Amino acid sequence: MDKPVPVGVALTPFDEHYREDPYAVLADVRKRAPVMRDEAFKRWFVSSHDEVKRVLRNPAMWSDPRKGAPESFERMFLARDDREPSMLFMDDPGHRRVRGLINKAFTPKAVEAQRPRIRAIAEELLAQVDDAPCAFDLMAGFAAPFPVIVIAEMLGIDPARRDDFKAWSDASVAAFFNPFRSEEEAQRSLVAQEALDAFFMDAIAKRRKAPKSDLITSMTIVTEGGDRFTDEEIVSQCNLLLIAGNVTTTDLIGNGVRALVDHPEQMALLRAKPDLIANAVEEMLRFDSPVTVSGRIANRDMPIGGCPVTQGQSVNVSLASANRDPSVYPDPDRFDIQREDTHHQSFGGGRHFCLGAPLARIEAQEGIIALLERFADLTASTRGHTYRTIPGFRGLAEYWLDAR
């Protein structure tokens, strides 16, 4: 008799098998039930590439958890106060308005101009790691602090406050995307969020009096058709850039370096041809996505993959499964930095395509090349690795490397 299709917790990093190798679990789900009802979490779970892509690009589907049916999965992400949701969970016309404003302040051209400084930050951090031979934790020593320092500088945060900034960020991330957060985690997150909000409010007030050349200042002055951000909206966008941006880039670097270490022939190829780094990062995103699941809410009764989805029901799409679908990618479990088609769903799609994608790509490209230039040889240490347990994300808590 066939074993049941995995549902609920079995499709989260709280399950040991999924945490260590979600792709084997997802391959089984995709083959047996590419669109299925997961009653354990009151959601539809979509794992085939084409259906995932279709849902992400459906402009009519909702993202605001307040529109979800009672007890639906998406309603578990409701804020514990009355604040408006961040841009990540907004629908039009509010989403279009906020995204239009932030796009003017956070342009790809402005981000690209930061590339030399991003590379310098990577080199400064790696210089603090012991000279080879040594063993070091890639996450604590490099992948975690790197994007925090980058976004802190872009926002104009005083370097003396970076440790506070990082501690508040970590506490917020631990609960923000975790619908199963404990009361203790929720309380820590609330305290950290209040500190962040006060910090950003103070920074906004100072920029209005004395503008600087930073992102907070840009958000205080940007206009679109006479419209501009309120202070509360600027705080919300700062929080989103900090929380959503940092954890995903940290995980992209950690997962990407692990893929290289596990495939030494690919690492050797990248060392020999560093100009492959842009394609390599896209393959890293496809092969081991930092964001594994995205969510939508059905705005009306509709079929998805032949299944009857009703208005208000949660629809979770597995980005990780879509990126390994053999109907789209030849030999999908092979890590190949020269793969010709490295398109992926890791940044989502449609109107909610990740705003920070250009920054994440630059950070990963410059950070990983800087790491390879700093150490002539990197292998997995016997001290091993551990993964974090934040649903919807795949990232290493620790990853020890031997450098020679």
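This section reports on the structure supplied with the text. (Residues numbered from 1 in each chain as written. Predicted model: local features only at pLDDT ≥ 70, side-chain atom pairs only at ≥ 80, totals over all residues. Heavy atoms only, no water.)

1. Quick look at helix H3 (residues 49–56)
Note that an α-helix has 3.6 residues per turn; residues three or four places apart therefore point the same way. Regarding H3, the residues found buried are His49, Glu51, Val52, Val55 and Leu56. Along its buried surface, H3 packs onto strand E1 (35–38), strand E2 (43–46), strand E6 (293–297), strand E7 (302–304), strand E9 (314–318) and helix H15 (319–322). (Buried < 20%, exposed > 50% of the residue type's maximum accessible area, 1.4 Å probe, protein only. Helix = DSSP H or I, 4+ residues; strand = E, 2+ residues; numbered from the N terminus. Contact = heavy atoms within 4.5 Å.)

2. Describing the sheet that holds strand E3 (residues 134–137)
One open sheet accounts for three strands, arranged E3-E11-E10; its pairing is antiparallel. Where the open sheet ends on each side, the last strands, each with one partner, are E3 and strand E10 (378–387). Looking at each pair of strands side by side, their axes are set apart by 15 degrees on average, direction ignored. Two elements, E10 and strand E11 (residues 396–403), share six bridges in a ladder whose sense is antiparallel. Within E11, the position partnered with Leu378 by the bridge is Ala403. Each of E10 and E11 touches helix H12 (residues 231–262); the most contacted strand, E11, lies at about 40 degrees to it. (Pairing = 2+ DSSP bridges. Axes fitted to C-alpha atoms, helices over the stretch in contact; angles between N-to-C directions.)

3. Things to note about the pattern of salt bridges
For the coordinates displayed, the defined rule picks out 36 salt bridges. For Lys42, the salt bridge is made with Glu39, and the minimal N-O distance between the two is 3.2 Å. Given the relative accessible area of 34%, Lys42 is considered partly exposed. With a shortest N-O distance of 2.7 Å, Asp64 and Arg66 are connected by a salt bridge. Since its relative accessible area comes to 7%, Asp64 is described here as buried. Owing to a relative accessible area of 40%, Arg66 belongs among the partly exposed residues under this scheme. (Salt bridge = Lys/Arg side-chain N within 4 Å of Asp/Glu carboxyl O.)

4. Describing the side chain of Ser86
Within the secondary structure, Ser86 sits in the loop between H3 and helix H4 (94–105). In contact with Ser86, other than residues within four places in its own chain, are Ser236 and Leu240.

5. Considering the environment of Asp137
Residue position: Asp137 is located in strand E3. On the basis of relative accessibility, which here comes to 9%, the residue Asp137 falls in the buried class. Separated by 263 residues in the primary sequence, Asp137 and Trp400 place their C-alpha atoms 4.3 Å from one another. At a separation of 3.0 Å, a polar atom in the side chain of Asp137 contacts the main-chain amide nitrogen of Met139. (Polar contact = N/O pair within 3.5 Å; in protein donor to acceptor, adjacent residues only side chain to side chain.)

6. Looking at the sheet that holds E2
Each strand in a sheet pairs with its neighbour through backbone hydrogen bonds, running either in the same direction (parallel) or in the opposite one (antiparallel). Strand order in this open sheet of four strands is E1-E2-E9-E6, and the pairing throughout is mixed. The sheet is open, and its two edges are formed by E1 and E6, each paired on a single side. Strand-to-strand, the axes of this sheet are offset by a mean angle of 25 degrees, without reference to chain direction. Of the strand pairs in this sheet, E6 and E9 are connected by five bridges, and their pairing is antiparallel. If you follow Val293 over to E9, its bridge partner there is Ser318.

7. Digging into empty space enclosed by the protein
Inspection of every chain in the model, using the stated rule, returns four cavities of 30 Å³ or more. Counted as a void, the second largest cavity has a volume near 60 Å³. Together, Pro13, Tyr18, Arg19, Pro22, Thr292, Tyr387, Arg388, Phe393, Arg394 and Gly395 line the second largest cavity. Each residue belonging to the lining of the second largest cavity can be placed in one class, and the counts come to five nonpolar, two polar and three charged. (1 Å grid on protein atoms, 1.4 Å probe; cavity = no way out; pocket = protein on both sides within 12 Å on 5 of 7 lines; lining within 4 Å. Points joined across faces, edges and corners; volume = space filled by probe spheres on them. Nonpolar A, V, L, I, M, F, W, Y, C, P; charged D, E, K, R; others polar.)

8. Here's the deal with the packing of helix H8 (residues 145–155) against H12
Orientation of H8 relative to H12, taken along the N-to-C sense of each, is 150 degrees, at an axis distance of 8 Å. When the axes of H8 and H12 are compared, the pair comes out roughly antiparallel. Two packed elements cross with a definite hand, and for H8 against H12 that hand is right-handed. Seen from H8, the contacting residues are Phe146, Pro147, Val148, Ile151 and Leu155; seen from H12, they are Cys238, Leu241, Leu242, Asn246, Thr249, Thr250 and Ile253. Partitioning the contact of H8 with H12 into residue classes produces nine nonpolar, three polar and no charged. (Parallel < 35°, antiparallel > 145°, perpendicular 65-115°, else oblique. Left-handed = near helix turned anticlockwise from the far one by under 90°.)

9. Points about the nonpolar core
Grouped together as the largest cluster of nonpolar side chains are 86 residues, with contacts concentrated most on Phe136, Leu155, Phe165, Phe200 and Leu270. At 12 residues, H12 tops the list of elements feeding residues into this core. When near neighbours in sequence (up to four residues on either side) are disregarded, Leu270 contacts Leu260, Leu276, Ile277, Ala280, Ile337, Ile368, Ile369 and Leu372. Val35, Val46, Ala298 and Leu319 belong to the second largest nonpolar core, which has 22 residues in total. (Core = buried A, V, L, I, M, F, W, Y, C linked by side-chain atoms within 4.5 Å.)

10. Some thoughts on the packing of helix H10 (residues 183–209) against H12
Contact geometry for H10 and H12: axes closest at 9 Å, N-to-C directions at 120 degrees. When the interaxial angle is binned, H10 and H12 end up oblique. Every pair of crossing elements has a handedness; the one defined by H10 and H12 is right-handed. Residues Gln193, Leu196, Asp197, Phe200, Met201, Ile204 and Arg208 of H10 touch H12, and the partners they reach there are Asp231, Glu232, Ile234, Val235, Cys238, Asn239, Leu242 and Ile243. Broken down by class, the residue content of the contact of H10 with H12 amounts to nine nonpolar, two polar and four charged.

11. Here's the deal with the layout of surface pockets
Roughly 310 Å³ of volume is contained in the second largest pocket. Lining the second largest pocket are 17 residues, with Ala144, Lys166, Asp170, Val247 and Arg388 sitting closest to its centre. Of all the elements in the fold, those that place two or more residues in the lining of the second largest pocket are helix H7 (138–143), helix H9 (162–176), H12 and E11. No other element matches H9, which puts five residues into the lining of the second largest pocket. Its residues assigned to classes, the lining of the second largest pocket shows 10 nonpolar, three polar and four charged.

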